Amino acid sequence: MDYAKSIDVRGLCCAQPIIALARELKGMASGEVLQVLADKDSMRKDVPAFCRQTGHILLESEERDGLLHFWVRRA
């Protein structure tokens, strides 16, 4: 999938991955796609919940080689 930016939140704990996601999206234009790489299982629920609460769109998510990949379109 094509994306404008990518962030790696591996190793971050608690709210830090979502804070990083929100901060990165804030600097992007509406419609741009952000790829998020994560290793915490909690992100499976956190990213969709964040998108529902903020209006951003979770386009796709997958697990590959033990790493979680998310693609989020900025609202």
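Everything numeric here is computed off the predicted structure, so don't read it as measured data.

This brings us to the overall build of the chain. Of the regular secondary structure elements, the chain holds two helices and four strands. Counting helices and strands in the order they occur from the N terminus, the chain gives β-α-β-α-β-β. Radius of gyration (C-alpha) of the chain: 11 Å, near the 11 Å computed for a compact globule of 75 residues. Structurally, the chain occupies a C-alpha span of about 30 × 25 × 20 Å along its principal axes. Among the 75 residues that make up the chain, the fraction classed as buried is 33%. A separation of at least 24 residues holds for 65% of the contacts in the chain among residues at least 6 apart in sequence.

What follows concerns unusual backbone geometry. Of note in this structure, Cys14 is not a glycine but carries a positive phi near 55°. The residue Cys14 is located in the loop between β1 (5-8) and α1 (16-26) in this model. Cys14 gets classed as exposed once you look at its relative accessible area, which sits at 74%. Of note, the phi angle at Asp65 is positive, near 55°, even though the residue is not glycine.

A cluster of nonpolar side chains, Met1, Ile57 and Leu59, forms an exposed patch at the surface whose accessible area comes to about 260 Å². As for its placement among the helices and strands, Met1 is situated in the segment before β1. Since its relative accessible area comes to 48%, Met1 is described here as partly exposed.

Structurally, His69 is set in strand β4 (residues 67-73). For His69, a relative accessible area of 7% translates into the label buried. Those residues in contact with His69 that sit more than four places away from it in its chain are Gln35, Val36, Leu37, Glu60, Ser61, Glu62 and Arg64.

Conventions used here
- Residues numbered from 1 in each chain as written.
- Predicted model: local features only at pLDDT ≥ 70, side-chain atom pairs only at ≥ 80, totals over all residues.
- Heavy atoms only, no water.
- Helix = DSSP H or I, 4+ residues; strand = E, 2+ residues; numbered from the N terminus.
- Rg over C-alpha atoms; globule rule 2.2 N^0.38 Å.
- Buried < 20%, exposed > 50% of the residue type's maximum accessible area, 1.4 Å probe, protein only.
- Contact = heavy atoms within 4.5 Å.
- Patch = residues over 30% accessible without salt bridge, like charges linked within 9 Å, V, L, I, M, F, W, Y side chains within 5 Å.
- Areas by Shrake-Rupley, 256 points an atom, 1.4 Å probe, with all protein chains shown as cover.
- Salt bridge = Lys/Arg side-chain N within 4 Å of Asp/Glu carboxyl O.

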